[in-house]
Amino acid sequence: FAALMVAYGALYLGWQVFRWGGPDLELAIGDAASIPLAVLVVVFALRAARHTQTPAARRAWFLIGLAFAAFGFGDVAWFYLEIILAAQPFPSIADVGYLAFYPLLLVGLLALPRERSENLLRTLLDLAIVVVGTGTIIWWLVIQPVATASNGLESLITLAYPVGDLLVLFALAATLMSRLVGTSRAALALLGIGLALNVVADLAFARLSLEETYGSGTSWVDACWLLGWVAMGLAGFVQARSMSDVRQAGAASAPTRPVSFLPYLAVAGLYGLLLVATESQGSNLRVLV
């Protein structure tokens, strides 16, 4: 199933390039493509929870699986509304599932057991650098223009997605910068890649929705979402497999190594944003600075 998941993602990318079928088929494929993956991702996350030795890590992976299930519900609702009923899927009940994904994932990631930091102040300062750096970039690119144009329920829901992404980035940074216990390093890396792709897709969706240029199944945004699903599904698969191997060997899993370059990456991105913003005519730099 893991191999089929990767092949499925590759097939979808091929379809994105060659665009087989007419506009109606493109729309249907774009909406339905992530649903089978969502089922597998939830199954793999629950398998990871079942095979994980540490009770706290087991509960955390179960919550992560619930977050994936909420997002999958949003995909099913979106497909039903847009393809079956030919109705407007945004805003709709699909957003209930999509938005429930953020708090569930936040709690799940923060619930992963970790070793106590030897230098808590340094860890908190590094985390603050990551959150402020990425948060400012997201604010400038998405939140500010969406908030300025907010004039109804649709704009408010659109604004909720980048705010939710800020929560995910905070939880992801806190997770990657910690020494986790009972979680596979490879699974954590795949989970980080999948969530990063999901955040990029969310932010692009919010920006394109503001510009009224987003279309289901006709955008690279959908490819980011789908590839994110593949990576997150493989994360659950690797977690279940590695914890099963550890149990058979009768040994404890080694703690993950903290990702120390994240603060530098956030600062580099923030300085890049300052350079881009100063070249933009009419940009109000006072708030940004």
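Since this is a predicted model, take the numbers as computed values, not measurements.

Trainee: How should the environment of Leu195 be read in this particular structure?
Mentor: As for its position among the elements, Leu195 is in helix H8 (residues 185-210). Note: C-alpha distance between Leu195 and Trp229 (34 residues apart in sequence) is 8.5 Å. Residues within four places of Leu195 in sequence aside, it is in contact with Phe101, Leu105, Leu109, Leu172 and Met232.

Trainee: What's the story with the side chain of Ser178 in this structure? I'm lost.
Mentor: Its place among the elements puts Ser178 in the loop between helix H7 (153-176) and H8. We classify Ser178 as buried; its relative accessible area is 12%. The contacts of Ser178, once residues within four sequence positions are left out, are Arg114, Thr256, Arg257 and Pro258.

Trainee: How should the pattern of salt bridges be read in this particular structure?
Mentor: Side-chain pairs of opposite charge can arise where the charged atoms are in close proximity. Scanning the entire structure with this criterion turns up 1 salt bridge. One salt bridge in this structure joins Glu115 and Arg179, with 3.0 Å as the shortest N-O distance. Linking Glu115 in the loop between helix H5 (94-111) and helix H6 (120-148) with Arg179 in the loop between H7 and H8, this pair joins segments that are 64 residues apart in sequence. Assessed through its relative accessible area of 37%, Glu115 is described here as partly exposed. For Arg179, a relative accessible area of 35% gives the class partly exposed.

Trainee: What should I look at first to understand a nonpolar patch on the surface in this one?
Mentor: Among the surface-exposed residues, Leu46, Phe62 and Leu66 lie close enough to one another that they form a single nonpolar patch of about 240 Å² accessible area. Looking at where Leu46 falls in the secondary structure, it is placed in helix H3 (residues 34-51). Taking the relative accessible area as the measure of exposure, Leu46 reaches 36% and is therefore partly exposed.

Trainee: Looking at this model, I keep getting lost on the nonpolar core. Mind explaining?
Mentor: The biggest cluster of nonpolar side chains holds 72 residues, and the ones touching the most others in it are Trp61, Phe68 and Leu191. Elements with a minimum of two residues in this core: helix H1 (2-18), H3, helix H4 (55-84), H5, H6, H7, H8 and helix H9 (220-249). The contacts of Leu191, once residues within four sequence positions are left out, are Trp61, Ile64, Phe68, Leu109, Met232 and Ala235.

Trainee: Would you mind going over the packing of H5 against H8 with me for this structure?
Mentor: Two packed helices can be described by the angle between their axes and the distance between those axes. Relative orientation of the contacting elements H5 and H8 amounts to 155 degrees, with a least axis distance of 14 Å. Considered as vectors, H5 and H8 are oriented roughly antiparallel to each other. The crossing of H5 and H8 is left-handed. Every residue of H8 that contacts H5 at Phe101, Tyr102, Leu105 and Leu109 is listed here: Leu191, Leu195, Asn198 and Asp202. Of the residues in the contact of H5 with H8, the class split is 6 nonpolar, 1 polar and 1 charged.

Trainee: Hey, could you run me through the packing of aromatic side chains in this one?
Mentor: Two descriptors summarise a pair of aromatic rings, namely the distance from one centre to the other and the angle between the planes of the rings. Using the criterion set out here, one finds 14 aromatic pairs in the structure. Taking 6.0 Å as the distance between ring centres and 65 degrees as the angle between the ring planes, the aromatic pair formed by Phe68 and Trp229 counts as edge-to-face. Within this pair, whereas Phe68 is found in helix H4, its partner Trp229 is found in helix H9, the two being separated by 161 residues in sequence. Here the two residues Phe68 and Trp229 agree in accessibility, since each one is buried. With 6.4 Å between their ring centres and 55 degrees between their planes, Trp78 and Tyr98 make a pair best called tilted. Within this pair, whereas Trp78 is found in helix H4, its partner Tyr98 is found in helix H5, the two being separated by 20 residues in sequence. Tyr98 matches Trp78 in its accessibility class, with the two residues each being buried. Aromatic rings pair up to connect Phe68, Phe71, Trp78, Phe90, Tyr98, Phe101, Tyr102, Tyr161, Phe205, Trp225 and Trp229 into one cluster.

Cut-offs applied
Residues numbered from 1 in each chain as written. Predicted model: local features only at pLDDT ≥ 70, side-chain atom pairs only at ≥ 80, totals over all residues. Heavy atoms only, no water. Helix = DSSP H or I, 4+ residues; strand = E, 2+ residues; numbered from the N terminus. Contact = heavy atoms within 4.5 Å. Buried < 20%, exposed > 50% of the residue type's maximum accessible area, 1.4 Å probe, protein only. Salt bridge = Lys/Arg side-chain N within 4 Å of Asp/Glu carboxyl O. Patch = residues over 30% accessible without salt bridge, like charges linked within 9 Å, V, L, I, M, F, W, Y side chains within 5 Å. Areas by Shrake-Rupley, 256 points an atom, 1.4 Å probe, with all protein chains shown as cover. Core = buried A, V, L, I, M, F, W, Y, C linked by side-chain atoms within 4.5 Å. Axes fitted to C-alpha atoms, helices over the stretch in contact; angles between N-to-C directions. Parallel < 35°, antiparallel > 145°, perpendicular 65-115°, else oblique. Left-handed = near helix turned anticlockwise from the far one by under 90°. Nonpolar A, V, L, I, M, F, W, Y, C, P; charged D, E, K, R; others polar. Phe/Tyr/Trp six-rings, centres within 6.5 Å; stacked < 30°, edge-to-face > 60°.

Fair warning: the whole summary comes from geometry, so function is off the table for now.
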